[in-house]
Amino acid sequence: MKTPDQHGHFGEFGGQFVPETLMAVLAQLQKEFSALKSDKRFQREFQFYLREYAGRPTNLYLADRLSRHLKRLKVYLKREDLLHTGAHKINNTLGQILVARRMGKTRIIAETGAGQHGVATATAAALFGLKCEVYMGTEDIERQALNVFRMKLLGAKVIPVASGSRTLKDAMNEAIRDWVTNVRDTFYIIGSVAGPHPYPLMVREFQSVIGKEARRQFIKKEGRLPDYLLACVGGGSNAMGLFHPFFNDRSVKIIGVEAAGHGLSSGQHSAALAAGSPGVLHGSKSMLLQNADGQVKIAHSVAAGLDYPGVGPEHSYYKQIGRAEYVSVNDREAIEGLKLLSRAEGIIPALESSHAIAYLSKLARRVKRRATVIVCLSGRGDKDVAAIRELI
Ligand SMILES: *Cc1c(COP(=O)(O)O)cnc(C)c1O
């Protein structure tokens, strides 16, 4: 079955749970986006910016010392950390800003939690001289002062959100509210494979460059397909970007790694797939951390980019049909993962990506014979070193 269907359903998940005023805009975006998918000029333009500006293709690097340390695994790292701005998010913001330009929009808005998506959006907006306003919870503004400053340097305006938990989910609520009011000139760039249809599809499409390259590069190096794919899952965009091009390769086992924070039993984590239940958040149905009354819980992870109480609907679908397995790694283990890769390979990974790295040690104990694995190294750790210093 081809997913999503025309209304954006991935099995029972996904869809468009939005106010009526947004339905027309979503329909227009859907129409525009499906036309652009087969528009050669648009695709050439997108490829041009990915290559010349962002720095694609990224390397598929054989982590030899890490592999020897893990013994049973031969580990390849997909180096999204080498991209401009230091993470995979730029793939998506470049794609969406080109769609916005095609639609004649002059104002860009975005939500941000840790500020990474805000910075990637402000970067793309600066590149095309578009006005950019980023919604951010006041709690996050305090925690992520440096990214707030980065966005301002890039010419964006940061709008503080003081409602609710004053974090990412509240920023997203405000961004949606803004969009409803200003749809005529405004384009909303969502940062992960979440939100109402067609966003999960669109973001998957733009991030799939990760998996398409990795698949080609791996076959060239090994002459076959990998045994495993491994990626961290916040909203799920770097993971879906890697996973989707391998969906039909049934021999390839897919593992997503969620953040277990202080542990699943502590209630302070971000593992929506492992410990959540189906619900509606930000315009789509997916697995969600919520209480018995359907109120969304506050998520926690040491990795700010994984700190989201929901997850993209397609991951909920992958889990339900058994195409992927979802595991979790806690804060302490993730920090060990960061140290491991730093020392074994001279690469300091982002705390988010460190969750995937940390799971390698567990996977090595699970496999019966030597296996190959591609890990999505979603970002670099420079942004995290100050925080890590307090934690080690
Ligand atoms: C934002 C971010 C993530 C989490 O987002 P996904 O949509 O789950 O990919 C992971 N890694 C890095 C480096 C990030 O900046």
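Quick caveat, the model's predicted, so the values are computed rather than measured.

## Quick look at the overall build of the protein chain
Link 1 in the chain: Helix and strand content of the protein chain: 16 helices and 14 strands.
Link 2 in the chain: For the C-alpha atoms alone, the extent of the protein chain along its principal axes is close to 55 × 45 × 40 Å.
Link 3 in the chain: Across the 392 residues that make up the protein chain, the buried fraction comes to 59%.
Link 4 in the chain: Sequence-distant contacts in the protein chain: of pairs separated by 6 or more residues, those separated by 24 or more amount to 73%.
Link 5 in the chain: Split by element, the accessible area of the protein chain, about 16,200 Å² in all, is 50% carbon and sulfur.

## Describing the sheet that holds strand β8 (residues 186–189)
Link 1 in the chain: Across the sheet, which stays open at both edges, the four strands sit in the order β7-β6-β5-β8 with parallel pairing between neighbours. Each having just a single partner strand, β7 (157–161) and β8 make up the two edges of the open sheet. Strand-to-strand, the axes of this sheet are offset by a mean angle of 25°, without reference to chain direction.
Link 2 in the chain: Direction of pairing for strand β5 (residues 107–112) relative to β8: parallel, over a ladder of four bridges. Looking across to β8, one finds that Ile 108 is bridged to Phe 187.

## Considering unusual backbone geometry
Link 1 in the chain: The omega torsion across Arg 56 and Pro 57 is -5°, close enough to zero to call that bond cis.
Link 2 in the chain: Note on placement: Pro 57 falls in the loop between α2 (40–54) and β3 (60–62).
Link 3 in the chain: Cis peptide bonds are those with omega within 30 degrees of zero, and the linkage from His 197 to Pro 198 qualifies with 10°.
Link 4 in the chain: Counting through the fold element by element, Pro 198 comes out in the loop between β8 and α9 (199–207).

## Thoughts on helix α7 (residues 145–153)
The α-helix advances 3.6 residues per turn, and as a result positions three or four apart in sequence lie on the same side.
Link 1 in the chain: Of all the positions in α7, only Asn 147, Val 148 and Met 151 are classed as buried. Each buried residue of α7 lies within a common arc of 105° when the element is viewed along its axis, so the set occupies one face. Exposed residues lying more than 90 degrees from the buried face of α7 are Leu 146, Lys 152 and Leu 153.
Link 2 in the chain: Packing partners of the buried residues in α7 comprise β5, α5 (116–127), β6 (131–137), α6 (138–143) and β7.

## Comments concerning the side chain of Thr 167
Link 1 in the chain: Its location among the elements puts Thr 167 in the loop between β7 and α8 (168–182).
Link 2 in the chain: Side-chain polar atoms of Thr 167 contact the side chain of Ser 165, separated by 2.9 Å.
Link 3 in the chain: Here Thr 167 is in contact with Gly 137, Glu 139, Asp 140 and Arg 143, once residues within four sequence places are set aside.

## Side note on the pairing of strand β10 (residues 253–261)
Residues in a regular strand point their side chains to alternate faces of the sheet.
Link 1 in the chain: Judged by how many residues are buried, β10 sits mostly within the fold: eight of nine residues are covered.
Link 2 in the chain: Here strand β9 (residues 228–232) pairs with β10 via five bridges, running parallel. Among the inter-strand pairings, Leu 229 is bridged to a residue of β10, identified as Ile 254.
Link 3 in the chain: Remark: the β9/helix α11 (residues 237–243)/β10 crossover connection has right-handed handedness.

## Side note on the nonpolar core
Link 1 in the chain: Phe 187, Tyr 188, Tyr 199, Leu 242, Tyr 318 and Ile 374 are the most contacted members of the largest nonpolar core, which has 89 residues in total.
Link 2 in the chain: Setting aside chain neighbours within four positions, we find Leu 242 in contact with Ile 210, Gly 211, Ala 214, Leu 229, Leu 230, Ala 231, Ile 374 and Cys 376.
Link 3 in the chain: In terms of nonpolar packing, the next biggest core, distinct from the first, is built from 29 residues, Ala 63, Leu 341, Ile 357 and Ala 358 among them.

## Side note on the packing of helix α4 (residues 89–102) against α9
Link 1 in the chain: Contact geometry of α4 with α9 gives a least axis separation of 8 Å together with a crossing angle of 120°. Of the two possible hands of crossing, α4 and α9 adopt the one that is right-handed. Contacts from Lys 89, Asn 91, Asn 92, Gly 95, Gln 96 and Val 99 in α4 reach Tyr 199, Met 202, Val 203, Phe 206 and Gln 207 in α9.
Link 2 in the chain: Grouping the amino acids of the contact of α4 with α9 by side-chain chemistry returns five nonpolar, five polar and one charged.

## Things to note about the pattern of salt bridges
Link 1 in the chain: Tallied over the full model, the rule gives 28 salt bridges.
Link 2 in the chain: Each member of the salt-bridge network shares a partner with another, and the members are Asp 39, Glu 45, Arg 101 and Arg 102.

## Quick look at the packing of helix α1 (residues 20–37) against α8
Link 1 in the chain: Interhelical geometry of α1 versus α8 gives an angle of 80° and a closest axis separation of 9 Å. Classed by the angle they form, the pair α1 and α8 counts as roughly perpendicular. Note on element contacts: α8 touches α1 through Ile 176, Trp 179 and Val 180, opposite Thr 21, Leu 22, Val 25 and Leu 26.
Link 2 in the chain: When its residues are assigned to classes, the contact of α1 with α8 shows six nonpolar, one polar and no charged.

## Comments concerning the site of the ligand
Link 1 in the chain: Residues in contact with the ligand amount to 18 residues; listed here are only the nearest, Lys 89, Ser 192, Gly 236, Ser 237 and Ser 378.
Link 2 in the chain: Here an oxygen atom of the ligand and a side-chain polar atom of His 88 are 3.0 Å apart.
Link 3 in the chain: A distance of 2.7 Å separates an oxygen atom of the ligand from a polar backbone atom of Gly 236.
Link 4 in the chain: Relative to its unbound accessible surface of 380 Å², the ligand loses 97% to contact with the protein.

Each value, and the rule that gives it
- Residues numbered from 1 in each chain as written.
- Predicted model: local features only at pLDDT ≥ 70, side-chain atom pairs only at ≥ 80, totals over all residues.
- Heavy atoms only, no water.
- Helix = DSSP H or I, 4+ residues; strand = E, 2+ residues; numbered from the N terminus.
- Buried < 20%, exposed > 50% of the residue type's maximum accessible area, 1.4 Å probe, protein only.
- Contact = heavy atoms within 4.5 Å.
- Areas by Shrake-Rupley, 256 points an atom, 1.4 Å probe, with all protein chains shown as cover.
- Pairing = 2+ DSSP bridges.
- Axes fitted to C-alpha atoms, helices over the stretch in contact; angles between N-to-C directions.
- Arc of directions from axis to C-beta.
- Polar contact = N/O pair within 3.5 Å; in protein donor to acceptor, adjacent residues only side chain to side chain.
- Right-handed = clockwise from strand over helix to strand, strands pointing away.
- Core = buried A, V, L, I, M, F, W, Y, C linked by side-chain atoms within 4.5 Å.
- Left-handed = near helix turned anticlockwise from the far one by under 90°.
- Nonpolar A, V, L, I, M, F, W, Y, C, P; charged D, E, K, R; others polar.
- Salt bridge = Lys/Arg side-chain N within 4 Å of Asp/Glu carboxyl O.
- Parallel < 35°, antiparallel > 145°, perpendicular 65-115°, else oblique.
- Near = heavy atom within 4 Å.

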